[in-house]
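# Structural overview
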Amino acid sequence: MYDDNNIFAKIIRGEMDSDKIYEDDKLIAIHDAYPTAPIHVLVIPKGKYISFHDFMENAAAEEIAHFFKTTKQIAEMLNLGDKGYRILANIGKTAGQTVFHMHLHILSGKTLQ
Ligand code: 5GP
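So, here is what we can say about the structure in this document. (Residues numbered from 1 in each chain as written. Predicted model: local features only at pLDDT ≥ 70, side-chain atom pairs only at ≥ 80, totals over all residues. Heavy atoms only, no water.)

## Examining the packing of aromatic side chains
Scanning all chains against the criterion turns up 3 aromatic pairs. Ring centres 5.4 Å apart and planes at 85° place the aromatic pair Phe67 and Phe68 in the edge-to-face group. The class for Phe68 is partly exposed, based on a relative accessible area of 30%. Aromatic ring contacts, followed pair by pair, group Tyr49, Phe55, Phe67 and Phe68 into a single cluster. (Phe/Tyr/Trp six-rings, centres within 6.5 Å; stacked < 30°, edge-to-face > 60°. Buried < 20%, exposed > 50% of the residue type's maximum accessible area, 1.4 Å probe, protein only.)

## Quick word on the pairing of strand β2 (residues 27-31)
Among the 5 residues of β2, 4 are classified as buried, and the element is accordingly described as predominantly covered. Summarising the sheet, strand β1 (residues 20-23) and β2 pair through 3 bridges and their orientation is antiparallel. Across the sheet, residue Lys20 finds its bridge partner in β2, namely Ile30. In this sheet, strand β3 (residues 39-45) lies alongside β2 in antiparallel orientation, the contact comprising 5 bridges. Within β3, the residue paired with Ile28 across the bridge is Ile44. (Helix = DSSP H or I, 4+ residues; strand = E, 2+ residues; numbered from the N terminus. Pairing = 2+ DSSP bridges.)

## Some thoughts on the site of the ligand
The environment of the ligand is made up of 17 residues, and the closest members are Asp32, Asn90, Thr98, His103 and His105. Interatomic distance of 3.0 Å between a backbone N/O atom of His31 and a nitrogen atom of the ligand. A distance of 3.0 Å is found between an oxygen atom of the ligand and a backbone nitrogen or oxygen belonging to Val99. Its free accessible area being 520 Å², the ligand has 86% of it covered by the protein chains. The pocket occupied by the ligand, as judged from atoms lying within 2 Å of grid points, is the largest pocket. Taken together, the elements giving at least two residues each to the shell around the ligand come down to α1 (7-12), β2 and β3. Considering only residue class, the shell around the ligand consists of 8 nonpolar, 8 polar and 1 charged. (Near = heavy atom within 4 Å. Polar contact = N/O pair within 3.5 Å; in protein donor to acceptor, adjacent residues only side chain to side chain. Areas by Shrake-Rupley, 256 points an atom, 1.4 Å probe, with all protein chains shown as cover. 1 Å grid on protein atoms, 1.4 Å probe; cavity = no way out; pocket = protein on both sides within 12 Å on 5 of 7 lines; lining within 4 Å. Sits in = over half its atoms within 2 Å of the grid points. Nonpolar A, V, L, I, M, F, W, Y, C, P; charged D, E, K, R; others polar.)

See the structure below:
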């Protein structure tokens, strides 16, 4: 069950501060508060989805397309097109998901192992 009190829901509602680099009516992109790479950005849809799995199962096709196209544009905005970057999603506790609101990580700025 989706928990309205998760950190990203609070950030989306403006109840918690974040270092926002992009926002539109469907998603936000923020710097990760505990970066594991020189560039570590989180792309977060505003809809209430627990995980990537939930998002892919329940979001509208247009919302999914917008999300991934905008993620690519955000990577370009960060000049990562040439440098290279990784996108990843942890799905579920055992995979390392700690915030149960769908998000993608964009990682770059060093050689990633
Ligand atoms: P997950 O582990 O769920 O894949 O990713 C959650 C991410 O959220 C982690 O990389 C963690 O560092 C980040 N994070 C946790 N709390 C906050 C916060 O309050 N603000 C921001 N900007 N990032 C956070």
